[in-house]
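Notes for the structure review
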Number of protein chains: 4
Amino acid sequence: MGCEIHEECGVFGIFSNVETSVAVDAYYALYALQHRGQESCGIATAGKSGFRSRCRKGLVSDTFDAEKLRALGAGNCAIGHVLYGALAPEDEGNIQPLIIDHSRGMLSICNNGALSNSATLREELESNGVILHTRSDAELIAALIIREKLRTNSLITAVSETMRRLEGAYTLLIMTADRLIGVRGMQGIRPLCIGKTEQGYCLSSESCALDSIGAEFVRDVAPGEIIIIDEKGMRSVTDNCGKKPSALCIFEYVYFSRPDSSVDGVSVHESRKRAGRFLAYDCPCEADVVIGVPDSGLDAAIGYSEGSGIPYEIGFIKNKYIGRTFIQPTQADREDKVRIKLNPIVEVIKGKRVVLVDDSIVRGTTCARIVKQLRKAGATEVHMRASCPPFLHPCYFGTDVGSEKILIAHDHTLEEMRKIIGVDSLGFQRIERCDEIAAGCPLGLCKGCFTGVYPCAIPKK
Amino acid sequence: MGCEIHEECGVFGIFSNVETSVAVDAYYALYALQHRGQESCGIATAGKSGFRSRCRKGLVSDTFDAEKLRALGAGNCAIGHVLYGALAPEDEGNIQPLIIDHSRGMLSICNNGALSNSATLREELESNGVILHTRSDAELIAALIIREKLRTNSLITAVSETMRRLEGAYTLLIMTADRLIGVRGMQGIRPLCIGKTEQGYCLSSESCALDSIGAEFVRDVAPGEIIIIDEKGMRSVTDNCGKKPSALCIFEYVYFSRPDSSVDGVSVHESRKRAGRFLAYDCPCEADVVIGVPDSGLDAAIGYSEGSGIPYEIGFIKNKYIGRTFIQPTQADREDKVRIKLNPIVEVIKGKRVVLVDDSIVRGTTCARIVKQLRKAGATEVHMRASCPPFLHPCYFGTDVGSEKILIAHDHTLEEMRKIIGVDSLGFQRIERCDEIAAGCPLGLCKGCFTGVYPCAIPKK
Amino acid sequence: MGCEIHEECGVFGIFSNVETSVAVDAYYALYALQHRGQESCGIATAGKSGFRSRCRKGLVSDTFDAEKLRALGAGNCAIGHVLYGALAPEDEGNIQPLIIDHSRGMLSICNNGALSNSATLREELESNGVILHTRSDAELIAALIIREKLRTNSLITAVSETMRRLEGAYTLLIMTADRLIGVRGMQGIRPLCIGKTEQGYCLSSESCALDSIGAEFVRDVAPGEIIIIDEKGMRSVTDNCGKKPSALCIFEYVYFSRPDSSVDGVSVHESRKRAGRFLAYDCPCEADVVIGVPDSGLDAAIGYSEGSGIPYEIGFIKNKYIGRTFIQPTQADREDKVRIKLNPIVEVIKGKRVVLVDDSIVRGTTCARIVKQLRKAGATEVHMRASCPPFLHPCYFGTDVGSEKILIAHDHTLEEMRKIIGVDSLGFQRIERCDEIAAGCPLGLCKGCFTGVYPCAIPKK
Amino acid sequence: MGCEIHEECGVFGIFSNVETSVAVDAYYALYALQHRGQESCGIATAGKSGFRSRCRKGLVSDTFDAEKLRALGAGNCAIGHVLYGALAPEDEGNIQPLIIDHSRGMLSICNNGALSNSATLREELESNGVILHTRSDAELIAALIIREKLRTNSLITAVSETMRRLEGAYTLLIMTADRLIGVRGMQGIRPLCIGKTEQGYCLSSESCALDSIGAEFVRDVAPGEIIIIDEKGMRSVTDNCGKKPSALCIFEYVYFSRPDSSVDGVSVHESRKRAGRFLAYDCPCEADVVIGVPDSGLDAAIGYSEGSGIPYEIGFIKNKYIGRTFIQPTQADREDKVRIKLNPIVEVIKGKRVVLVDDSIVRGTTCARIVKQLRKAGATEVHMRASCPPFLHPCYFGTDVGSEKILIAHDHTLEEMRKIIGVDSLGFQRIERCDEIAAGCPLGLCKGCFTGVYPCAIPKK
């Protein structure tokens, strides 16, 4: 609601020593990861009866039902994917996991992230006669791995060699007939963690998906690490670890991940509460009540309440039935008056000085609309607090912060922003607080969208 | 989540002095009322081009899109309905609004409630040669109105006369070619309120639907009152008012209505917070944190926190993508382990004494499962508090509390229930607090499901 | 293709002494009757588990699949209906069979035909407080039967009494929990025949549906006859027989019925071949080849060939994949050039004098287009022959010949028509031949659309 | 109906000098070619706004509507494809036309046929690091062309070089941003012809598709010929012509093509009538009536009637509504009794000696069932005649004659077959007649399925 930035993807994989309903586990796990990508989803399974998959536009709930899951068969292994998708809607071929049917061995692959050197790699492959059917990095990476494998005859070596050629963000799951392989990009920009099930292991973008299937959290995968899961258990290849500086995307804490997940050892809910507390210290104000923009601002609002001593309240009811097919009101002026998605609880707001906490401010238009509604509901003052610093630069690693032109902070001073949004005071998180928000995380952070300093080379315009 | 009781219906109607997109307003309003009925929905419009309607099984989002709304045409008047539906799934003819095409004038009708003398009325009509096509009270009432109108030649007189024959809960919207009529049952068991739009008026089960279309709240409709809206404005017929004792369903506050609605002058959110505070006074305990079961227990949890001084926290993340097509885990034991719909935030729970607040306890099975998860997440103590008294009797007025057999409180002592649910202490709201929860409401209350004392005759078994 | 007139309906009913898959039989039978109505279809079943039905817009193939048929359950009795439908597309309530759920006994009903006194009957019912939900004669008749039954306490008496009040065309199937009742209208305008199955009997608009389920043809139902089928077998009530002059619609032979059906003792294929032979005698010409417009003109073309000695050939290939969703070419001029639905076989036509036989000519526009294509394919002469007389008057008994304005024969001489259609000679069947076409049929014929003389009173404009 | 062999594909392409609704032309053309493949279909367009496509399982009528065609945009060029599909149903990636997005130029491709050296070519490509996403020859050929083009820098040269590597049946359409290229395989096993439109040219598997869009037939494409159509008009590259012996599939005349098409200069209808006449000469019998199995046996039945002097009649009515979703009767014995798909016209059959003509006999089971129905309808004798010789060998060039095991003629003598089918006499076309059936066709014929002698190397088992 608050944040207008979308994460590109989530991945989940599971390996079981006995053939079982791995597709059902993937289904529940993707439900838990749905917030990371709502454009399309897919599950591929491997078992005695070969590879099967179902990949479609739409939510997990639209794509799978009991019969569709049954059609994926029992198997030893499944990988699943949810995609946000900056891709054209008709381009359904991009939906993952991809299945690569090659005479030297079948494999299925899916990816979370965005390479920053994909154009170079694509050109190289095409000039060697390779035809790429999609614009996805997943297919590009698969083609590189296949070529390396023809040379080296070992899939793991091929994966390891291929990693050295990739720049930017990627978290891969690769499934063969008898193995599940997880790869976290050499800089660890996107997360990946390991869970233990009764009969094997699983890998997930976030730990909340482990909870959803009753798996136990084992540990996070290290940047550059390759995890191999098969009948013999789990092993790790660390040849590529530590070769490049780590740079976990700070937004995994601030917005992308679910509050009940733990990312690289840090509780997301706790990190957001800390962010709220820091805001209370750094941008204090006198007020009667603290409210959060549902759902992404709620954790930080509780933190602000704790830090400031101002009582926390439920300020808005969010309509939980509004989905993808909702028809937007067409006139902009009308949009200001109606309260379909969010409706303030008048009795909480009326006559009060309100602190309004959200995770971030991108364009500022949604904020301005929410603030108008608070004023209409009788708020005497509105103090807006954003739990991350202002966006000043684009992201090249799989989120759609978009061009600098749309970022309100890029062309406006704090005071100008305050006026546009229509609040009595406006406060952003200080850039220095980022490391404290992620306190306990052993990795470096990517804060490129705030600072313009990126952990690796970025594509030329 | 918490409560397993379902409200049967919600209604919305709008009249505009100029032909406009009344169907679009009804669409947004039904979105706001969707929590009152998720089985089916419908919108009927009346305008120069006659009556049109679209009624289907499924959510508002599944039933309508831009094209379908356009097909409903511009009009002066629209009525809409959401239904929970104890009816058989194939019985789509029951979906409302109904359109009655009779030589003495076309009308459309929809209803929220349940009559307690419908069997008698049905028998009388059928023995006079009337064929009823549905099992709905709406059609029954329409047939009675039509017969009265043949006799009296006035629709309003016919409505008024018909009301005197109806026992139980009903809130009717009736639309003719040039009028919108709203009727609140003589005992006011179900709510109805009036809103003012730019070019006319609207009527709604709850005020949150007025907010969703930018209408201003005017007032609640009185029990027994008939509201007539046409080109000349709004007028009221009060002949039936005060003839029977009023009895607003207490569950409109405790569970059915949205927290941002105001019902008969009382904020639902505030009433729930009061319920939480009363619980803190009446059933105190020593604990470290108060959490609510999302979404229905959150308001009362904040009230409990305020009343007790124990800090409020977000204890669970609810998966917001789980809809009607979600496939339930099949094994009961498995269900205890997986955390798909609700996942506790471990860091909030671990090592803490937790107060868990929900609106009510019906069977107790869901509660027991949630409590297990809290224990698994490391809660040292769990103290359960229900913001309404124990259910002991069935409801005959349009909610599906169901037979006494399934009610945990009917056959168990408090201590037995405590053990079944698996908590360290268990507290229910005291029956005496009901009136205080509804403080400010000028109507009497129906508390039949707690007391077995009903405001009118109930059907014989 | 040729004829632009549509039959309104077909009906089928089956009673089995043991519960069996009667819905599946109805499904196959409706497939065989699909040509009688392609707008909507429905099947209702009755058995130990009560009444069930599925009625939808669309073809039988779109409406039912194995699962849907299973959902209709095993039963003793099923009735089914296909509808052409002059009704508005949104009016899905009109789709039959209707199920009437009344305290004095449940029944299901469907009808083939059109009453000519429905307005009078409707007014009478409505002024007695009856609400009719559809515009169908079936519901009207059901309401009359229910009222009679309340008075007489016998369903058969009620049906018999009701028949005396109905004017025009109707063939009813009525199903109760333990009986199947078939009624042929008192003038027998629409057909109905009886079949014997292994475990009971069936009733059908046409005998081809009996073949489709392996039933044996027993006999045609007489005008005014009521057939009652139950556990005890089949019996007949003939009280109403012979009270009015019979008048079978001549178009059942000329166009509506399938060539492999036998209607009132006469083979439809043979009657059409006779019609072709009469044309050869009455409207001879010198030509090289006789071709028919597929599919409705083929039988008569073979008759013309036999009567004239001119060889029969396949002149056109009809595209068998063109269904309801086919997108028509939009420009009229283009339509003349393209040959999507019908394509002449050039080698058959080129350099030949062609006799083109169709069943009838309504507007003449389709004929003109087909003739143009024959000329383009190289026909040196085209002689058009229609196997029925010119349409001069509307039909009031369930076919959509439509207003006189659209009938080419109404405002044009034979020579004018010849020029409009663009043929070298044009010949229609002589009105005197009608009785000979139906030779062997014991009933009188309705030729109202040719003569303007109708077998009963027609509605006033 | 009669023949149980399925053609694999049909192709159509159109180039227009001005951007126009080429997708609509392709739509009508695919309707005309639908009989060549009913499993899936697709249209790709190229124009100023780039390439677009829609490819789906299902018939043309299911896949496209007005909106979907609009979404394909106006363009200069379109290619379309219908597929029978021996491919697994889930393998929707195989549906053509494929779009190849390569840095050296985008192209779209579709194919009719089957290569006999695809395994060798696939192995070669994969060992060079190419990933193939489908099992289709179309993608294989595209990959070969792309590799050749990287080497030669000319698309036409690349196509020409690639052709030399391909063995078996193929007819390709290739579309680039500004050209339409048609390729007929070097042996011409599958047909291709050229049409002239008002603003350009088109290419089609069969001439009936030219008629469907009002295009004029220009000529057939020669085996090995490459046709290039662009703004400058049409030109031909004949470098590969005549390098291998031509071998048109005889079944294009006997069964696959539509009777109103002309293939390699020969009218399909006339060729089938000739086949019928030859049967009358070679396998005469005494009988009263000749009937054909609809639709594939009708033309030959007329030929048999002409050759023998025995009158032709319509023997069966085929239910034209039975489509892909029809539910088959489940019990084999029941199947013999019901007459759902085909119903004999009793009056034509009863007491007659019948000659029954069909195009071919594969398993014989369908024939046997039809013969039983004729006997039941009263035929005193049934004489079966097949207008092609007995199938003895599999087809490797894109039809699914299937393994020898299912072919009735493979393991049975003529007399055995006669008994199995249950006829009084049985006659097949003599193999010597094949060339006469195709009289006028300048190409050699492939009769491999009758003789086991194939025009090129076949795959090893």
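Here the structure is a predicted model, which means the values were calculated and not measured. (Residues numbered from 1 in each chain as written. Chains lettered and ligands numbered in written order. Predicted model: local features only at pLDDT ≥ 70, side-chain atom pairs only at ≥ 80, totals over all residues. Heavy atoms only, no water.)

**Some remarks on the interface of chain C and chain D**
Across the contact, 56 residues belong to chain C and 56 residues belong to chain D. Surface buried jointly by chain C and chain D totals about 4600 Å² across both partners, of which 53% is contributed by carbon and sulfur atoms. Taken together, the links from chain C to chain D amount to six salt bridges. Note that C:Arg339 and D:Asp211 form a salt bridge whose closest N and O atoms lie 2.8 Å from each other. (Contact = heavy atoms within 4.5 Å. Buried area = accessible area lost by both parts, 1.4 Å probe. Salt bridge = Lys/Arg side-chain N within 4 Å of Asp/Glu carboxyl O.)

**With respect to the environment of D:Lys352**
Among the secondary structure elements, D:Lys352 is positioned in the loop between helix H12 (346–349) and strand E20 (353–358). D:Lys352 has contacts with D:Asp288, D:Val289, D:Glu347, D:Gly378, D:Ala379, D:Thr380 and D:Glu381, leaving out every residue within four places of it along the chain. (Helix = DSSP H or I, 4+ residues; strand = E, 2+ residues; numbered from the N terminus.)

**A short note on the relation of the copies chain C and chain D**
Superposition record for chain C on chain D: RMSD 0.0 Å, screw rotation 180°, translation along axis 0.0 Å. Such values leave the two copies arranged in the relation of a two-fold axis. Among all residues of chain C, the minimum C-alpha distance to the rotation axis is found for C:Lys320, at 3.7 Å. A symmetric contact is evident, with 100% of the interface residues of chain C recurring at the interface of chain D. (Least-squares fit on C-alpha atoms with pLDDT ≥ 70 in both.)

**As for the interface of chain A and chain B**
Contact with chain A, which involves 56 residues of that partner, is made by 56 residues of chain B. The contact between chain A and chain B buries some 4600 Å² in all, and 53% of this surface belongs to carbon and sulfur atoms. The largest per-residue losses of area from chain A upon contact with chain B belong to A:Tyr28, A:Tyr321 and A:Ile327, which jointly make up 15% of the total buried on that side. Scanning the region where chain A abuts chain B turns up six salt bridges. Between the two partners, chain A and chain B, sit 20 residue pairs in polar contact (both at pLDDT 80 or more). Broken down by element, the side of chain A that touches chain B gets its largest block of residues, five residues, from helix H1 (residues 22–33) of chain A. Here the side of chain A that touches chain B is built from residues that sort into 25 nonpolar, 13 polar and 18 charged. (Polar contact = N/O pair within 3.5 Å; in protein donor to acceptor, adjacent residues only side chain to side chain. Nonpolar A, V, L, I, M, F, W, Y, C, P; charged D, E, K, R; others polar.)

**Some points on the packing of helix H4 (residues 118–126) of chain B against helix H5 (residues 137–152) of chain B**
All names here are of chain B. At a closest axis distance of 11 Å, the pairing of H4 and H5 adopts a crossing angle of 50°. Taken together, the axis directions place H4 and H5 in an arrangement best described as oblique. As H4 runs across H5, the sense of the crossing is left-handed. Along the contact surface, H4 presents Ser118, Leu121, Arg122 and Leu125, while H5 presents Asp137, Leu140, Ala143, Leu144 and Arg147. When the residues that make up the contact of H4 with H5 are grouped by side-chain class, the tally is five nonpolar, one polar and three charged. (Axes fitted to C-alpha atoms, helices over the stretch in contact; angles between N-to-C directions. Parallel < 35°, antiparallel > 145°, perpendicular 65-115°, else oblique. Left-handed = near helix turned anticlockwise from the far one by under 90°.)

**Here's the deal with the relation of the copies chain A and chain B**
For the pair chain A and chain B, the superposition axis carries a translation of 0.0 Å, the fit reaches an RMSD of 0.1 Å, and the rotation angle comes to 180°. Same-surface contact between copies: 100% of interface residues of chain A are shared with the interface of chain B.

**A few points about the side chain of B:Asp264**
Residue and element names in this part refer to chain B. Mapping Asp264 onto the fold places it in the loop between strand E15 (262–263) and strand E16 (266–267). Classification of Asp264 as buried rests on a relative accessible area of 5%. Leaving out residues up to four positions away in the same chain, Asp264 has contacts with Arg184, Asp220, Val221, Leu248, Tyr253, Gly440, Cys441, Pro442 and Leu443. (Buried < 20%, exposed > 50% of the residue type's maximum accessible area, 1.4 Å probe, protein only.)

**Considering helix H10 (residues 298–308) of chain A**
Residue and element names in this part refer to chain A. All of the buried residues along H10 are Asp299, Ala300, Ala301, Ile302, Gly303, Tyr304 and Ser305. Contacts from the buried residues of H10 go to helix H9 (268–282), strand E17 (289–292), strand E20 (353–358) and strand E21 (381–386). Residue Gly309 follows H10 closely and has a positive phi angle near 80°.

**Things to note about the sheet that holds strand E1 (residues 9–20) of chain D**
All names here are of chain D. Read from one edge to the other, the open sheet built from seven strands follows the order E3-E2-E4-E1-E10-E9-E11, with strand pairing classed as antiparallel. Only two strands of the sheet have a single partner each, and these edge strands are strand E3 (50–57) and strand E11 (216–220). The mean angle between the axes of side-by-side strands here comes to 15°, regardless of whether they run parallel or antiparallel. One ladder, built from four bridges, connects strand E9 (residues 193–197) with E11; its direction is antiparallel. (Pairing = 2+ DSSP bridges.)

**Some details on the environment of A:Asp178**
Residues and elements named next belong to chain A. Its place among the elements puts Asp178 in the loop between strand E7 (168–175) and strand E8 (180–184). Between the C-alpha atoms of Asp178 and Ser262, which are 84 residues apart in sequence, the distance is 29 Å. Beyond its immediate stretch of four places on either side in the chain, Asp178 contacts Phe15, Ile229 and Asp230.

**Examining the packing of helix H5 (residues 137–152) of chain A against helix H6 (residues 155–163) of chain A**
Residue and element names in this part refer to chain A. H6 packs onto H5 with a crossing angle of 125° between their chain directions and a minimal axis gap of 8 Å. In terms of axis orientation, H5 runs oblique to H6. Considering how the two elements wind past one another, H5 and H6 form a crossing that is right-handed. Here Ile141, Leu144, Ile145, Glu148, Lys149 and Thr152 of H5 lie close against H6, whose contacting residues are Leu155, Thr157, Ala158, Val159, Glu161 and Thr162. The class makeup of the residues in the contact of H5 with H6 is six nonpolar, three polar and three charged.

**Brief notes about the confidence of the model for chain A**
Mean pLDDT over chain A: 92, with 94% of residues reaching 70 or higher. Across the predicted assembly, pTM comes out at 0.87 and ipTM at 0.92. (pLDDT = per-residue confidence, 0-100.)

**What to know about the pattern of salt bridges**
Tallied over the full model, the rule gives 112 salt bridges over all chains. For D:Arg151, the salt bridge identified is with D:Glu148, shortest N-O distance 2.5 Å. Placement of both D:Arg151 and D:Glu148 in helix H5 (residues 137–152) is noted, with a separation of three residues, approximately one turn of the helix. Look at D:Glu148 and you get buried, because its relative accessible area is 15%. Each of A:Asp282, A:Arg430, A:Glu432, A:Arg433 and A:Glu436 takes part in one network of salt bridges that share partners.

**Overview of the pairing of strand E8 (residues 180–184) of chain C**
Residues and elements named next belong to chain C. Along E8, five of the five residues are buried, which leaves the element largely enclosed by surrounding structure. Residues of E8 alternate between two faces, with Leu180, Gly182 and Arg184 on one and Ile181 and Val183 on the opposite face, all of them buried. The sheet contact formed by strand E7 (residues 168–175) and E8 spans five bridges and is antiparallel. Bridge pairing links Leu173 to Gly182 in E8. The antiparallel pairing of E7 with E8 creates a hairpin that spans four residues between the two strands. Relative to strand E12 (residues 226–230), E8 runs antiparallel, the two being bridged by four bridges.

**Focus: the side chain of C:Ser267**
Note that C:Ser267 resides in strand E16 (residues 266–267). In this structure C:Ser267 comes out as buried when scored by relative accessible area, which is 6%. Here the side chain of C:Ser267 touches C:Glu270 through a polar contact of 3.1 Å, landing on its backbone nitrogen. Apart from residues no more than four positions distant in its own chain, C:Ser267 is found in contact with C:Pro259, C:Ser261, C:Ser262 and D:Glu347.

**Examining the environment of D:Leu125**
Residue and element names in this part refer to chain D. One can find Leu125 in helix H4 (residues 118–126). Taking C-alpha positions, Leu125 is 41 Å from Asp359, a pair spaced 234 residues apart along the chain. Not counting residues within four places of it along the chain, the set of residues in contact with Leu125 comprises Val130, Leu132, Leu140, Ala143, Leu144 and Arg147.

**Points about the nonpolar core**
With 86 residues, the main nonpolar core has C:Leu356 and D:Leu356 as its most contacted residues. Sequence-distant contacts of D:Leu356, defined by excluding residues within four places in its chain, comprise D:Ile291, D:Val293, D:Phe316, D:Ile370, D:Val371, D:Leu374, D:Val382, D:His383, D:Met384 and D:Arg385. Counting residues in hydrophobic clusters, the runner-up holds 85 residues, among them A:Val357, A:Ile421, B:Val355 and B:Phe428. (Core = buried A, V, L, I, M, F, W, Y, C linked by side-chain atoms within 4.5 Å.)

**Examining the packing of aromatic side chains**
Across all of its chains, the model carries 42 aromatic pairs over all chains by this definition. Aromatic side chains C:Tyr396 and C:Tyr454 sit 5.3 Å apart centroid to centroid with 75° between the ring planes, which places their arrangement in the edge-to-face category. Here C:Tyr454 lies in the segment after helix H17 (448–451) and C:Tyr396 lies in the loop between strand E21 (381–386) and helix H14 (408–411), a separation of 58 residues in the sequence. Residue C:Tyr396 shares its accessibility class with C:Tyr454, and that shared class is buried. Between D:Tyr255 and D:Phe256, the aromatic rings sit 5.8 Å apart at their centres with planes inclined by 65°, giving edge-to-face as the arrangement. (Phe/Tyr/Trp six-rings, centres within 6.5 Å; stacked < 30°, edge-to-face > 60°.)

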